[in-house]
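A look at the structure
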Number of protein chains: 2
Amino acid sequence: MKGHDHSRLLNEVNSQMPKDETLAELAELFAVFGDTTRIRILWALFESEMCVCAIAELLHVTQSAVSHQLKLLRHAKLVGSRRQGKTVFYFLADDHVRSIINQGMEHISE
Amino acid sequence: MKGHDHSRLLNEVNSQMPKDETLAELAELFAVFGDTTRIRILWALFESEMCVCAIAELLHVTQSAVSHQLKLLRHAKLVGSRRQGKTVFYFLADDHVRSIINQGMEHISE
DNA sequence: TTATCATATGAGCAAATGATCATATGTTAA
DNA sequence: TTAACATATGATCATTTGCTCATATGATAA
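Residues numbered from 1 in each chain as written. Chains lettered and ligands numbered in written order. Predicted model: local features only at pLDDT ≥ 70, side-chain atom pairs only at ≥ 80, totals over all residues. Heavy atoms only, no water.

What about the interface of chain B and chain A?
- With 54 residues of chain B in contact, the opposing surface of chain A contributes 54 residues.
- When chain B packs against chain A, the two sides together hide about 4,700 Å² of surface, and 74% of this comes from carbon and sulfur.
- Looking only at chain B, the three residues that lose the most surface to chain A are Phe30, His96 and His107 of chain B, adding up to 14% of its buried area.
- On the surface where chain B and chain A come into contact, there are 2 salt bridges.
- Between Asp20 of chain A and Arg40 of chain B there is a salt bridge, with its nearest N and O atoms 3.7 Å apart.
- The interface formed by chain B and chain A includes 8 residue pairs in polar contact (both at pLDDT 80 or more).
- Taken together, the elements giving at least two residues each to the side of chain B that touches chain A come down to α1 (7-16), α2 (20-33), α3 (36-47), β1 (50-51), α4 (52-59) and α6 (95-108) of chain B.
- Considering only residue class, the side of chain B that touches chain A consists of 28 nonpolar, 14 polar and 12 charged. (Contact = heavy atoms within 4.5 Å. Buried area = accessible area lost by both parts, 1.4 Å probe. Salt bridge = Lys/Arg side-chain N within 4 Å of Asp/Glu carboxyl O. Polar contact = N/O pair within 3.5 Å; in protein donor to acceptor, adjacent residues only side chain to side chain. Helix = DSSP H or I, 4+ residues; strand = E, 2+ residues; numbered from the N terminus. Nonpolar A, V, L, I, M, F, W, Y, C, P; charged D, E, K, R; others polar.)

Brief notes about the protein's contact with DNA strand D
- Taken together, 25 residues are adjacent to DNA strand D, and His4, Thr62, Ser64 and Gln69 of chain A together with Ser64 of chain B come closest.
- Restricting attention to atoms of DNA strand D within 4 Å of the protein, one finds that 67% of them are sugar or phosphate atoms.
- Within the backbone of Val52 of chain B, one N or O atom sits 3.3 Å away from a phosphate oxygen of DNA strand D.
- Cys53 of chain B has a polar backbone atom sitting 3.0 Å from a phosphate oxygen of DNA strand D.
- Mapped by element, the contributors of at least two residues to the surface near DNA strand D are α3 (36-47) and α5 (63-75) of chain A together with α4, α5 (63-75) and β3 (87-92) of chain B.
- The dominant element in the surface near DNA strand D, judged by the number of residues it contributes, is α5 of chain B, at 5 residues.
- Within the surface near DNA strand D, the residues separate by chemical class into 6 nonpolar, 13 polar and 6 charged. (Near = heavy atom within 4 Å.)

With respect to unusual backbone geometry
- One non-glycine residue with positive phi stands out, namely Lys77 of chain A, at about 60 degrees.
- Looking at the element boundaries, Lys77 of chain A is found in the loop between α5 and β2 (79-84).
- Here the phi dihedral of His60 of chain B falls at roughly 55 degrees; this positive angle occurs in a residue that is not glycine.

What about α6 of chain B?
- An ideal rise of 1.5 Å per residue puts 20 Å on 14 residues; α6 of chain B measures up with 20 Å between its terminal C-alpha atoms.
- Residues of α6 of chain B that are buried: His96, Val97, Ile100, Ile101, Gln103, Gly104 and His107 of chain B. For α6 of chain B, the arc enclosing every buried residue in end-on projection is 155 degrees, short of the 170-degree limit, so these residues lie on one face.
- The secondary structure elements touched by the buried residues of α6 of chain B are α2 (20-33) and α6 (95-108) of chain A together with α2, α3 and β3 of chain B.
- Measuring from the backbone nitrogen of His96 of chain B back to the side-chain oxygen at the start of α6 of chain B gives 2.7 Å, which picks out Asp94 of chain B as the cap. (Expected span 1.5 Å × (residues − 1). Buried < 20%, exposed > 50% of the residue type's maximum accessible area, 1.4 Å probe, protein only. Arc of directions from axis to C-beta.)

Things to note about the protein's contact with DNA strand C
- Around DNA strand C, the structure places 25 residues, and the nearest of them are Tyr90 of chain A together with His4, Thr62, Ser64 and Gln69 of chain B.
- Within 4 Å of the protein, atoms of DNA strand C come from sugar and phosphate in 65% of cases.
- Between DNA strand C and Ser64 of chain A, the relevant distance is 2.7 Å, taken from a base oxygen to a side-chain nitrogen or oxygen of the residue.
- Contact distances for DNA strand C include 2.7 Å between a phosphate oxygen and a side-chain N or O atom of Thr37 of chain B.
- When residues of the surface near DNA strand C are traced back to their parent elements, those giving at least two are α4 (52-59), α5 and β3 (87-92) of chain A together with α3 and α5 of chain B.
- Ranked by residue count, the leading element in the surface near DNA strand C is α5 of chain A, at 5 residues.
- Of the residues in the surface near DNA strand C, the class split is 6 nonpolar, 13 polar and 6 charged.

Topic: the relation of the copies chain B and chain A
- Relative to chain A, chain B is turned by 180 degrees and slid 0.0 Å along the rotation axis, the superposed coordinates differing by an RMSD of 0.0 Å. On this basis, the relationship between the two copies can be described by a two-fold rotation axis.
- Comparing interface residues between copies, 100% of those in chain B also sit at the interface in chain A, which points to an isologous, same-surface contact. (Least-squares fit on C-alpha atoms with pLDDT ≥ 70 in both.)

This is the structure in C-alpha cells:
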C-alpha cells in the first residue's frame, strides 16, 4: 500500500459530501461572482434597477461587454429584466445576491 | 450627446460604489470559490482538518493539483495549515467560508 | 416604409486558468 | 549519512474566459 492509511476519515468525510453535480453547480455560481465587471454590475444594481446603457456608462465598458455579462448573470438567476419600450432594465433577482456579497465583503475587510 | 440621459442616476449609484480596488478584491475572493476542485476541498474540510494526501485520495486528483489549489486557498485566507512531522494538515480558516458556501447552496436549491 | 436608438449575439483573439510531469524541499527513521 | 515519505513548486500545455468588432434583432417615431 502507498502512503499512510486514511480509510476511516475518507469514509466519514465522503458520506457528508454532496453530489459532485451539486458541487459543480455551486462552483459555477461562485464563478459568476468571480469577475470584476460582473461584481461591479451587481453592486450597481444594489442601488436601483438600471438599463444596459446606463450600466455601460457607469462602468466605462462597452455596451456589448455589459450585454454579454448580463446574459451570464441572467442564466445564473442573479438578475432579472423587464422591457420598457426600447430599453431593458435589469435588477437583482433576490436577496441571496446581497447576502453572498456581504459575506464576501466581511471576509476581505479583516 | 449620445443616448438618453442618466447623469442623475449615475451620480447617485456612483456615490454608493466601493472603490474599484475593493471590488476587484471581492471578485478575486469569489473566483477562488469558483472552481469545482477548490469547492470540494473546502467542503471536505467542513468535516475535519485533513492532510494533503488524504484530500488527494478523497477527491481522486493528483497530490500536485491539490497542493497548487491549497496554495490559492491559503493566499485567500480561506484555509490555514499546521505541520506535524512530514505531513501538513489543512483546515478552514474561519466561519465566513461556511456562511458563503451555505448562502450559495441556498441559492441553487430553489 | 425608413431612420434611429437600445440591446443581443456570433466570431475571433489575447490573456488567464487548471491539470500534469518532473523535480525540489522538508522531515523522519535506519 | 542514505532512503523513503509528504509536500511544494516551476514549466508546459490545452481549455476557458472576457473583450472587441461587426452585425442582427427589437422597438419607436417620423
